[in-house]
Amino acid sequence: MPFDKDMPTAPFISIIYREHAKYINEIVKEDGLSFGLHPLLIKIYRNRGISQEELAEAFHLNESTITRNLKKLEDKGFIKRIKDKRKKIIEATSKGEKTALKIMDYDEKWDEQLNLTEEEYNDFLKILKKISEDLI
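Residues numbered from 1 in each chain as written. Predicted model: local features only at pLDDT ≥ 70, side-chain atom pairs only at ≥ 80, totals over all residues. Heavy atoms only, no water.

## What to know about a positive patch on the surface
Here comes step 1: Taken together, Arg68, Lys72, Lys76 and Lys95 make up a surface patch of like positive charges.
Here comes step 2: Structurally, Lys76 is set in the loop between helix H4 (63-75) and strand S2 (79-83).
Here comes step 3: Overall, Lys76 belongs to the partly exposed group, its relative accessible area being 39%. (Patch = residues over 30% accessible without salt bridge, like charges linked within 9 Å, V, L, I, M, F, W, Y side chains within 5 Å. Areas by Shrake-Rupley, 256 points an atom, 1.4 Å probe, with all protein chains shown as cover. Salt bridge = Lys/Arg side-chain N within 4 Å of Asp/Glu carboxyl O. Lys, Arg positive; Asp, Glu negative; His and termini not counted. Charge placed at Lys NZ, Arg CZ, Asp CG, Glu CD. Helix = DSSP H or I, 4+ residues; strand = E, 2+ residues; numbered from the N terminus. Buried < 20%, exposed > 50% of the residue type's maximum accessible area, 1.4 Å probe, protein only.)

As structure tokens, then:
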């Protein structure tokens, strides 16, 4: 079904978000993880020893939201918190590492399904980052 040519941008963003959420949720449901938590787990996996404050800053969320989400990840065995002098350091457990790698692999497969050339994909990503940076 073709889209109206005068359709605003927000519905397109919403469609992409919802379809990606369905795709990832199907993959991670057996692990007990949800779509909303997977970016946090991947960030923790890629940045061993990241602090709670750094996570809040990276995702542009308040620390209480990060705390709640970290609790969910910790309760499910994906992460562990290490008390440092003043910081709350977060690391992925072996279960978290395995799940993060699985999601990252499927994210690559998702990107391949977008049916874009490498140049189109890079331009798309660049534009998304620019829009996000301009909005925050």
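Now, onward.
## Considering the pairing of S2
Here comes step 1: Two strands pair when backbone bridges link them, and S2 and strand S3 (residues 88-92) are joined in this way by five bridges, in the antiparallel orientation. Bridging from a neighbouring strand, Ile79 pairs with Ala92 of S3.
Here comes step 2: Taking the residues that link successive antiparallel strands as the turn, the S2-S3 hairpin has four residues. (Pairing = 2+ DSSP bridges.)

## So, the nonpolar core
Here is a general trend for soluble globular proteins: nonpolar side chains tend to be buried in one another's company.
Here comes step 1: Ranked by size, the top nonpolar core spans 26 residues in total, and within it Leu33, Ile44, Leu55, Leu70, Leu73 and Ile79 carry the most contacts.
Here comes step 2: Take this core: its biggest share by element is five residues, from helix H1 (residues 9-28).
Here comes step 3: Dropping the residues within four chain positions of it, Leu73 is found in contact with Leu33, Leu37, Leu40, Leu41, Ile44, Phe78 and Ile79. (Core = buried A, V, L, I, M, F, W, Y, C linked by side-chain atoms within 4.5 Å. Contact = heavy atoms within 4.5 Å.)

## A few points about the confidence of the model for the protein
Here comes step 1: On average, residues of the protein carry a pLDDT of 89, and 99% of them reach 70 or more.
Here comes step 2: For the protein, H1 is the element with the lowest average pLDDT, namely 88, and helix H2 (residues 38-46) is the one with the highest, namely 94. (pLDDT = per-residue confidence, 0-100.)

## Structural notes on the packing of H2 against helix H5 (residues 94-113)
Here comes step 1: In the contact formed by H2 and H5, the axes pass within 9 Å of each other and the chain directions differ by 110°. What the angle tells us is that H2 and H5 run roughly perpendicular. Considering the relative orientation of H2 and H5, their crossing is left-handed. Of the residues in H5, those touching H2 at His38, Leu41, Ile42, Tyr45 and Arg46 are Gly96, Glu97, Thr99, Ala100, Leu101, Ile103, Met104 and Asp107.
Here comes step 2: By residue class, the composition of the contact of H2 with H5 is seven nonpolar, three polar and three charged. (Axes fitted to C-alpha atoms, helices over the stretch in contact; angles between N-to-C directions. Parallel < 35°, antiparallel > 145°, perpendicular 65-115°, else oblique. Left-handed = near helix turned anticlockwise from the far one by under 90°. Nonpolar A, V, L, I, M, F, W, Y, C, P; charged D, E, K, R; others polar.)

## A few points about helix H3 (residues 52-59)
Here comes step 1: Along H3, the residues that are buried comprise Gln52, Leu55 and Ala56. Projection of H3 onto a plane perpendicular to its axis shows the buried side chains occupying an angular sector of 100°, all on one side.
Here comes step 2: If you follow the buried residues of H3, they end up packed against H2, strand S1 (50-51), H4, S2 and S3.
Here comes step 3: His60, located one to two residues past H3, shows a positive phi value of around 55°. (Arc of directions from axis to C-beta.)

## Overview of the environment of Lys29
Here comes step 1: If you trace the backbone, Lys29 turns up in the loop between H1 and H2.
Here comes step 2: Separated by 3.2 Å, the side chains of Lys29 and Glu26 make a polar contact. (Polar contact = N/O pair within 3.5 Å; in protein donor to acceptor, adjacent residues only side chain to side chain.)

## A look at the side chain of Asn69
Here comes step 1: Considering the arrangement of structural elements, one finds Asn69 in helix H4.
Here comes step 2: Residue class for Asn69 comes out buried when judged on its relative accessible area of 15%.
Here comes step 3: Non-local contacts of Asn69, meaning those with residues more than four positions away in its chain, are made with Leu37 and Leu40.

## A closer look at unusual backbone geometry
Here comes step 1: Positive phi values are uncommon outside glycine, yet His60 reaches one of about 55°.
Here comes step 2: As for its position among the elements, His60 is in the loop between H3 and H4.
Here comes step 3: Given a relative accessible area of 53%, His60 falls into the exposed group.
Here comes step 4: Even without being glycine, Asn115 reaches a positive phi, approximately 60°.

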